[in-house]
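Geometric and topological summary
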Amino acid sequence: MNRAELVAQIREKKSYLCVGLDTDITKIPKHLHSSPDPVFAFNKQIIDATKDHCVSYKINTAFYEALGVKGWEAMRKTTEYIPASHFKIADAKRGDIGNTSSQYAKAFFEVMDFDAVTVAPYMGEDSVKPFLEYEGKWAIVLGLTSNTGAKDFELQKSGDELLYEKVLNTVSRWGTTENLMFVIGATQADEFKNIRKLTPDHFYLVPGVGAQGGSLKDISEKAMNADCGILVNVSRAVIYASPNEDFAEKAGEVAVNYRQDMSAYL
C-alpha cells in the first residue's frame, strides 16, 4: 500500500486507528479454545467487528512465534483475512546485517504479504536498506519508544543531540516519506513537537494509547501533519474489551469510540 492509498483510507473513514492483534492465547475467551485454531478464531471475529472503524492492523509477531508452527499458521491466516483496504503491519522489530535483513524482508513482504515491518536501526544503514527496496512496502523504524527503558539509550545525549534525534535525522535520509515511518511512543507526547520539526512529513506509528496510558488528545494535537501523518495503535484496550463471548461486540464498540474521537481531530 502506498502513501496516497493510506491517506485516502484515513480521510474516507475519518480514522487513523490501528488495531493491534497482539493475541495472547492465555487471554482469549475460554469458549474459543475448543476451536482447531483459537488464535485465528479470535482474530477473525475481532477483524469483523473493527474493520469499518480502523485503517490498519498490527500483528505483534512474538505472540505467534511463541506458539511455533501453529502460531505462524495463525498469523498467515490472519494476514490473509485482513481486507486489502487495510494497512498490515508486522511488528517484528527486525534488523541485522544486510543479507539477513534481506531474508527478513522477503519473509514479511513476499511470503506473508505485510505492507510494513518494524525495524531496529541499531546496526545502521545496511540493516535497514533491504526493507526499503520493495515497491509499496514500508520500514517502520524505532525512533522514541514508550517503554521506561527508553531513557537508557534513546534519551541520552549523543554529541549535541539526544540519541533518538540522531536516529530520526540519520534514518530519514535513508528512505523517503513514501517508504519510511517511525515508531514514536504515545507516552512521549512532550517530545512530539520537536519530533515533528525533525521529520515534518513522515508518518508515525504511535503505540501506547489505552492500556499504557498515552493520550489520544495530546498525540492528535501535537503530532499530526497535513496528511494526518499518524497511525495510533491500540491493542489491549480493543481486543480484550471483554473476556466473555461478547468480546467481539465490545471490541467493536471501543473501536467506534476511538473513531469518533479521531474524526473530531481530523
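Residues numbered from 1 in each chain as written. Predicted model: local features only at pLDDT ≥ 70, side-chain atom pairs only at ≥ 80, totals over all residues. Heavy atoms only, no water.

In this section: the overall build of the protein. In terms of regular secondary structure, the protein is built from 11 helices and 10 strands. Relative to the 2.2 N^0.38 estimate, which gives 18 Å for 266 residues, the radius of gyration of the protein is 18 Å and therefore close to what a compact globule would have. By residue count, 52% of the 266 residues in the protein fall in the buried class. Long-range pairs, those at least 24 residues apart, make up 73% of the contacts in the protein with a sequence separation of at least 6. By element, 50% of the accessible surface of the protein is carried by carbon and sulfur atoms, the whole surface being about 11,700 Å². Taken together, the 30 basic and 36 acidic charged side chains of the protein have centroids lying 2 Å from each other. (Helix = DSSP H or I, 4+ residues; strand = E, 2+ residues; numbered from the N terminus. Rg over C-alpha atoms; globule rule 2.2 N^0.38 Å. Buried < 20%, exposed > 50% of the residue type's maximum accessible area, 1.4 Å probe, protein only. Contact = heavy atoms within 4.5 Å. Areas by Shrake-Rupley, 256 points an atom, 1.4 Å probe, with all protein chains shown as cover. Lys, Arg positive; Asp, Glu negative; His and termini not counted. Charge placed at Lys NZ, Arg CZ, Asp CG, Glu CD.)

As a further point, take the environment of Trp-72. With respect to the element layout, Trp-72 can be found in helix H4 (residues 69–81). A residue is classified by how much of its surface remains accessible, and Trp-72, at 33% relative accessible area, is partly exposed. When the C-alpha atoms of Trp-72 and Ala-62 are compared, they prove to be 10.0 Å apart, with 10 residues separating the residues in sequence. Among residues more than four places away in sequence, those in contact with Trp-72 are Tyr-64, Glu-65, Phe-108 and Met-112.

For H4, built from 13 residues, the straight-helix expectation of 18 Å at 1.5 Å per residue is met to within 8% by its first-to-last C-alpha distance of 18 Å. Contacts from the buried residues of H4 go to helix H2 (38–50), strand S2 (56–60), helix H3 (62–65) and strand S3 (87–94). (Expected span 1.5 Å × (residues − 1).)

With 81 residues, the main nonpolar core has Leu-21, Leu-231 and Val-232 as its most contacted residues. Dropping the residues within four chain positions of it, Leu-231 is found in contact with Leu-6, Ile-10, Tyr-16, Val-55, Ser-56, Phe-87, Ile-89, Met-181, Phe-203, Tyr-204, Leu-205 and Val-206. (Core = buried A, V, L, I, M, F, W, Y, C linked by side-chain atoms within 4.5 Å.)

Turning to the packing of aromatic side chains, a few remarks are in order. The relation between two aromatic rings is expressed through the spacing of the ring centres and the mutual angle of the planes. Counted under the stated rule, the structure contains 7 aromatic pairs. Judged by centre distance (6.3 Å) and plane angle (40°), the rings of Phe-192 and Tyr-204 are tilted. Placement of the pair is Phe-192 in helix H8 (residues 192–198) and Tyr-204 in strand S9 (residues 203–206), with a sequence separation of 12 residues. Look at Phe-192 and you get buried, because its relative accessible area is 0%. Joined through ring pairs, the aromatic side chains of Phe-42, Tyr-240 and Phe-247 make up one cluster. (Phe/Tyr/Trp six-rings, centres within 6.5 Å; stacked < 30°, edge-to-face > 60°.)

The subject of this paragraph is the pairing of strand S8 (residues 180–184). Within S8, 5 of the 5 residues are buried, which leaves the element mostly enclosed by the surrounding structure. Burial along S8 is two-sided: the face carrying Leu-180, Phe-182 and Ile-184 and the face carrying Met-181 and Val-183 are both buried. Pairing analysis gives 5 bridges linking strand S5 (residues 138–144) to S8, with the strands arranged parallel. By the bridge assignment for S8, Ala-139 is matched with Leu-180. Strand direction decides the pairing type here: S8 and S9, joined by 3 bridges, are parallel. In the strand pairing of S9, Phe-182 is matched with Tyr-204. (Pairing = 2+ DSSP bridges.)

By the secondary structure assignment, Lys-137 is in the loop between helix H6 (125–128) and S5. Reaching out from Lys-137, the side chain makes a polar contact with the backbone oxygen of Phe-114 at a distance of 2.7 Å. With residues up to four places along the chain from it excluded, the contact list for Lys-137 reads Phe-109, Asp-113, Phe-114, Asp-115 and Asn-179. (Polar contact = N/O pair within 3.5 Å; in protein donor to acceptor, adjacent residues only side chain to side chain.)

A separate point is the pattern of salt bridges. Applying the stated criterion across every chain yields a total of 15 salt bridges. The salt bridge partner of Asp-37 is Lys-77, with a shortest N-O separation of 2.8 Å. Here Asp-37 is found in the loop between strand S1 (17–20) and H2, whereas its partner Lys-77 is found in helix H4, with 40 residues between them in sequence. For Asp-37, a relative accessible area of 11% gives the class buried. The class for Lys-77 is partly exposed, based on a relative accessible area of 24%. (Salt bridge = Lys/Arg side-chain N within 4 Å of Asp/Glu carboxyl O.)

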